[in-house]
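# Survey of secondary and tertiary structure
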Amino acid sequence: MSTVAPAVAPPSAAPKLAVVGAGSVGSSVAYAAMLRGSARTIALYDVNTAKVDAEVLDLAHGSSLASGAEVIGGDDISVVAGADVVVITAGARQKPGQTRLELTGTNVAILQSLLPQLLEQAPDAVYVLVTNPADVLALAAARISGLPRGRVMSSGTVLDTSRLRWLLATRLGVSSRSVHATIVGEHGDSEFGLWSSASIGQVPLTGWLDAEGRPALDRTALEELEREVAGAAYTVIQGKGATNLAIGVAAARIVEAIVRDENAVLPVSMPLEGWHGLDDVAMSMPTVVGRAGAVRRLEVPMDDRELARMHASAEAMREVQAGLDL
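The text that follows walks through the structure, step by step, so that each part is easy to find. (Residues numbered from 1 in each chain as written. Predicted model: local features only at pLDDT ≥ 70, side-chain atom pairs only at ≥ 80, totals over all residues. Heavy atoms only, no water.)

### Quick notes on the environment of S67
In plain terms, the rule: Secondary structure elements are taken from DSSP: a helix is a run of H or I of four residues or more, a strand is a run of E of two residues or more, and numbering for both begins at the N terminus. Exposure categories follow from relative accessible area, calculated using a 1.4 Å probe and restricted to protein chains: below 20% of the type maximum is buried, above 50% is exposed, and the middle band is partly exposed. Note on definitions: a residue-residue contact is assigned when non-hydrogen atoms from the two residues lie within 4.5 Å. Any N or O atom pair separated by 3.5 Å or less is treated as a polar contact, with the protein-specific requirement of one donor-capable and one acceptor-capable atom, and with residues adjacent in sequence counted only for side-chain atom pairs.
Structurally, S67 can be placed in the loop between α2 (49-63) and β3 (70-74). Judged by its relative accessible area of 36%, S67 is partly exposed. For the pair S67 and Y127, spaced 60 residues apart in the sequence, the C-alpha separation amounts to 23 Å. Sequence-distant contacts of S67, that is, excluding residues within four places in its chain, are made with M34, L35 and G37. At a separation of 2.5 Å, a polar atom in the side chain of S67 contacts the main-chain carbonyl oxygen of M34. Within the structure, the side chain of S67 is placed 3.3 Å from the backbone nitrogen of A69, a separation counted as a polar contact.

Right under this line is the structure:
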């Protein structure tokens, strides 16, 4: 039986990106998108008038030296009107002593207020969440918005995967572009690497040899890499107060896959629907991303250990969601 793909709008000749939130992450998303030429128009929206006006002016001053994108913005939500992609970075940061559940409840409430307003301005956009906890908020946003499956996602483990590839490349002495390894599951402490399908070029990672012809990475080394990736954000936050530059680039990359209809494979997070028995939770797996959003979640080979870890990661997500009305 043939399956007809849903009709979607063709790639726009002049794509518009709207970034909601002019804090360190939102401004970094807009900056990366301007440098990379991710969109023809970049609109930055925030309720803090002085902050958003300053960020727009600062970005606009450098636009002619970068991609030449038009940079607009302000405190009027109409600046996002007609956007092809809306990246939401607005949300509360975790305060000292605040539980993850408390932070989640605050950010879900922000989405409940914000999303209906955004949908009025950009009803045809693909929505990308870049706010923590990314997976729970992806599920919440999908349910609050009522948009078709795939039109809402979070940045998931796109950045975590980039961190992993950089670490592997550094350790093994190869280009990071030749490293094909992915972090999946929760964007957080329970995330893990898909080692059974990872490779360097065409060589399976588990079979990669060092200069003496010995296996370069054993199970202990792989677990250390996972811990380093999962803890990377804490290291950055301890030193500079926030992670913003790399996630800005990661979000811009997702935007490009959408507006250019690339059908690129990226580990974004979206609600699972019966995937290996998992429902009512959003997590990251390699997913085809194009003009319609998260087009298709790939059936990636997983060994029994990885599948068990995926279920464990889902349980970690459900614990966070348990006190929320999702």
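### A word on the sheet that holds strand β7 (residues 179-180)
We count it as follows: Here, a strand pair is defined by DSSP locating no fewer than two bridges between the strands.
If you walk across this open sheet you meet the 3 strands as β7-β10-β11, and the pairing is antiparallel. Taken across any chain shown, the strands that pair with only one partner, and hence form the sheet edges, are β7 and β11 (203-204). Sheet topology places β7 next to strand β10 (residues 199-200); 2 bridges connect them, and they run antiparallel. Paired with H180 across the strands is S199, a residue of β10.

### Re the sheet that holds strand β16 (residues 293-297)
Keep this limit in mind: Note on definitions: angles span 0 to 180 degrees between N-to-C directions of axes, and those axes are lines fitted to C-alpha atoms, for helices only across the stretch in contact.
Taken in spatial order, the 3 strands make up an open sheet running β12-β15-β16, and their pairing is antiparallel. A single partner strand is all that each edge strand has here, and the edge strands are β12 (264-266) and β16. Going across the sheet, the axis of each strand differs from the next one's by a mean of 40°, ignoring polarity. For β12 and strand β15 (residues 287-290), the ladder comprises 3 bridges, and the chain directions are antiparallel. Considered in β15, the bridge of V265 is made with V288.

### Quick word on the nonpolar core
Under the convention used in this document: Residues enter a nonpolar core if they are buried and are Ala, Val, Leu, Ile, Met, Phe, Trp, Tyr or Cys, with the set joined through side-chain atoms within 4.5 Å.
In terms of nonpolar packing, the biggest core is built from 42 residues, with V86, I88, L118, Y127 and M310 touching the most fellow members. Looking at this core, the elements with two or more residues in it are β1 (16-20), β4 (85-88), α3 (100-121), β5 (126-129), α4 (134-145), β13 (269-275), β14 (278-284) and α8 (304-321). Ranked by the residues each element gives to this core, the list is headed by α3, at 6 residues. Ignoring anything within four residues of it in the chain, the contact list for I88 reads V20, L111, L114, L115, L118, Y127, V128, L129, V130 and T131. Formed by 39 residues, the second largest nonpolar core is a distinct cluster that contains L59, L159, A251 and I258.

### Quick notes on unusual backbone geometry
Following N132, the chain continues into P133 via a peptide bond in cis, with omega recorded as -5°. Turning to its location among the elements, P133 is positioned in the loop between β5 and α4. Here D261, not a glycine, exhibits a phi torsion of approximately 50°, which is positive. When you line up the elements, D261 lands in the loop between α7 (245-259) and β12. Taking relative accessible area as the criterion, D261 reaches 31% and is therefore assigned partly exposed. For N263, which is not glycine, the phi dihedral falls at a positive 55°.

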